[in-house]
Amino acid sequence: MKKLAKIVTVLTLALSCAVSAPAMSFTVGGKGALFVGAGSEWRDDSIKGIQSSYEGFGGEFTTGGNVGGGFGLYAALNFASLGIADLGVQTELDFFFNNGVYCTASQTLLGTTKLTGSVSTLDIPVLFTADFNFTKKLSVEAESGFYLSIPLSPFHCVATYPSVSGSEDQPVRNLNVGMIFGAGLGYKMGPGSLVGNIRYLFDFTGTQTEADSKISEAYIRRGLTFSVGYQYTFNL
């Protein structure tokens, strides 16, 4: 029993030394972002019918995710240290435009045709972060967490044929929840830091749209975001 008590005491002291509570810091920043729909895909069964029709006429059919843009504002609190890394939590408001998917049919009797669908969203992530300070100026951050995605526009579909095009707006009927994994690089410059970031995000559920009083799952979002921004850190 005494040996067990000694072990617990030693482990407690070791943990208290490893996880210290330095002066906390608070960070605010802004960024611009590029979104690449890597893995986004159509979910609507009507796309499968279009694909079968075009392939039946010898057409080559391809699908993929849109390339879009956005910007964000964020705030972070670093609250603990592991010696080699500072731990924190970060929340954001991320606006993304042109989330969505496309499909293209080429070498058909009608020529090349294209169908795209896009929606704008407000993503609200809550991330857990670990900052590794390699030098006084250079730091690397690892992050992961969850987000809520709120639609800001209808699902805008555009069909383009060689000589004519048309569009349709379909209301989005659901919110999405997803997960983020990412890494960032910070370089102290002036009163703040210049930061670059790469992330992979994915929705757990598909975006549901309504057309002709019928709700269906139009697409599911998967994508990479690349961002560059500037932030300020204040010691508390």
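Here, the structure is the one placed above.
Residues numbered from 1 in each chain as written. Predicted model: local features only at pLDDT ≥ 70, side-chain atom pairs only at ≥ 80, totals over all residues. Heavy atoms only, no water.

**Q** Kindly report on the overall build of the chain, identifying the contributing residues and their values.
**A** Along the chain, the regular secondary structure elements total two helices and 14 strands. When the 236 residues of the chain are sorted by exposure, 39% land in the buried category. Sequence separation of 24 or more characterises 71% of the internal contacts of the chain that already satisfy a separation of 6 or more. With the model as given, the accessible surface of the chain reaches about 12,900 Å², and the carbon-plus-sulfur share is 66%. (Helix = DSSP H or I, 4+ residues; strand = E, 2+ residues; numbered from the N terminus. Buried < 20%, exposed > 50% of the residue type's maximum accessible area, 1.4 Å probe, protein only. Contact = heavy atoms within 4.5 Å. Areas by Shrake-Rupley, 256 points an atom, 1.4 Å probe, with all protein chains shown as cover.)

**Q** Can you tell me about the layout of surface pockets, naming the residues and giving the values?
**A** Computed from the structure, the largest pocket encloses a volume of approximately 820 Å³. The wall of the largest pocket is formed by 44 residues, among which Thr-27, Asp-131, Ser-139, Gln-231 and Thr-233 lie closest to the centre. Elements that contribute at least two residues to the lining of the largest pocket include exactly strand S1 (25-36), strand S4 (67-81), strand S5 (86-106), strand S6 (113-133), strand S7 (138-151), strand S10 (176-189), strand S11 (192-203) and strand S14 (222-235). When residues of the lining of the largest pocket are assigned to their parent elements, the largest contribution, seven residues, is made by S14. (1 Å grid on protein atoms, 1.4 Å probe; cavity = no way out; pocket = protein on both sides within 12 Å on 5 of 7 lines; lining within 4 Å. Points joined across faces, edges and corners; volume = space filled by probe spheres on them.)

**Q** Could you give me a rundown of the pairing of S5, with the residues and numbers involved?
**A** Remember that side chains alternate between the two faces of the sheet whenever the strand is regular. With six bridges connecting them, strand S3 (residues 60-65) and S5 associate as antiparallel partners. Counted as the bridge partner of Glu-60 is Ser-106 from S5. Of the pairings in the sheet, the one linking S4 to S5 comprises 12 bridges and is antiparallel in character. What sits directly across from Gly-70, in S5, is Phe-96. Hairpin remark: S4 followed by S5, antiparallel, with four residues in the connecting loop; positive phi at Gly-83, about 90°. (Pairing = 2+ DSSP bridges.)

**Q** Account for the packing of aromatic side chains, with residues named and values stated.
**A** The full count for this structure, using the stated rule, is 10 aromatic pairs. A centroid spacing of 5.8 Å and a plane angle of 50° characterise the contact between Phe-35 and Phe-96, whose relative ring orientation is tilted. With Phe-35 in strand S1 and Phe-96 in strand S5, this residue pair connects regions lying 61 residues apart in the sequence. Exposure class is identical for Phe-35 and Phe-96. Each is buried. Their ring planes at 35° and their centres at 6.3 Å tell us that Phe-71 and Phe-97 sit as a pair that is tilted. Here Phe-71, found in strand S4, pairs with Phe-97, found in strand S5; they are 26 residues apart in sequence, far enough to count as distant. The exposure class of Phe-97 is partly exposed, given its relative accessible area of 37%. Every member of this aromatic cluster is reached through a ring pair, and the members are Phe-146, Phe-181, Tyr-200, Phe-202 and Phe-204. Above the ring of Tyr-102, the side-chain terminus of Lys-114 is found at 5.2 Å from the ring centroid. (Phe/Tyr/Trp six-rings, centres within 6.5 Å; stacked < 30°, edge-to-face > 60°. Lys NZ or Arg CZ within 6 Å of the ring centre and 35° of its normal.)

**Q** Which residues make up the nonpolar core, and what are the values?
**A** Core analysis: the biggest nonpolar cluster contains 14 residues, and Trp-42, Leu-115 and Phe-155 have the highest contact counts within it. Mapped by element, the contributors of at least two residues to this core are S5, S6, strand S8 (155-160) and strand S13 (214-220). The next biggest cluster of nonpolar side chains, apart from the first, holds seven residues, and it includes Ala-33, Phe-96, Leu-127 and Ile-180. (Core = buried A, V, L, I, M, F, W, Y, C linked by side-chain atoms within 4.5 Å.)

**Q** Quick rundown of the pattern of salt bridges? Include the residues and the values.
**A** Once their charged atoms are close, side chains differing in charge can pair, the charge on each being opposite to the other. Taken as a whole and judged by the stated rule, the model has 10 salt bridges. With a shortest N-O distance of 3.2 Å, Arg-43 and Glu-217 are connected by a salt bridge. Of the two residues, Arg-43 is situated in the loop between strand S2 (41-42) and helix H2 (45-56) and Glu-217 in strand S13; the sequence distance between them amounts to 174 residues. Residue classification places Arg-43 among the partly exposed residues on the basis of a relative accessible area of 33%. (Salt bridge = Lys/Arg side-chain N within 4 Å of Asp/Glu carboxyl O.)

**Q** Lay out the sheet that holds strand S12 (residues 207-211) with the relevant residues and their values.
**A** Strand order in the open sheet made by the three strands is S2-S13-S12, with antiparallel pairing throughout. Whereas interior strands pair on both sides, the edge strands pair on one side only; in this sheet they are S2 and S12. Two elements, S12 and S13, share five bridges in a ladder whose sense is antiparallel. Residue Thr-209 lies in a different strand from S13, and its bridge partner there is Ser-216.

**Q** Pulling in residues and values, what's your account of the side chain of Asn-99?
**A** Among the secondary structure elements, Asn-99 is positioned in strand S5. With residues up to four places along the chain from it excluded, the contact list for Asn-99 reads Phe-35, Asn-66, Gly-117, Ser-118, Val-119, Ser-120, Thr-121, Tyr-219 and Arg-221.

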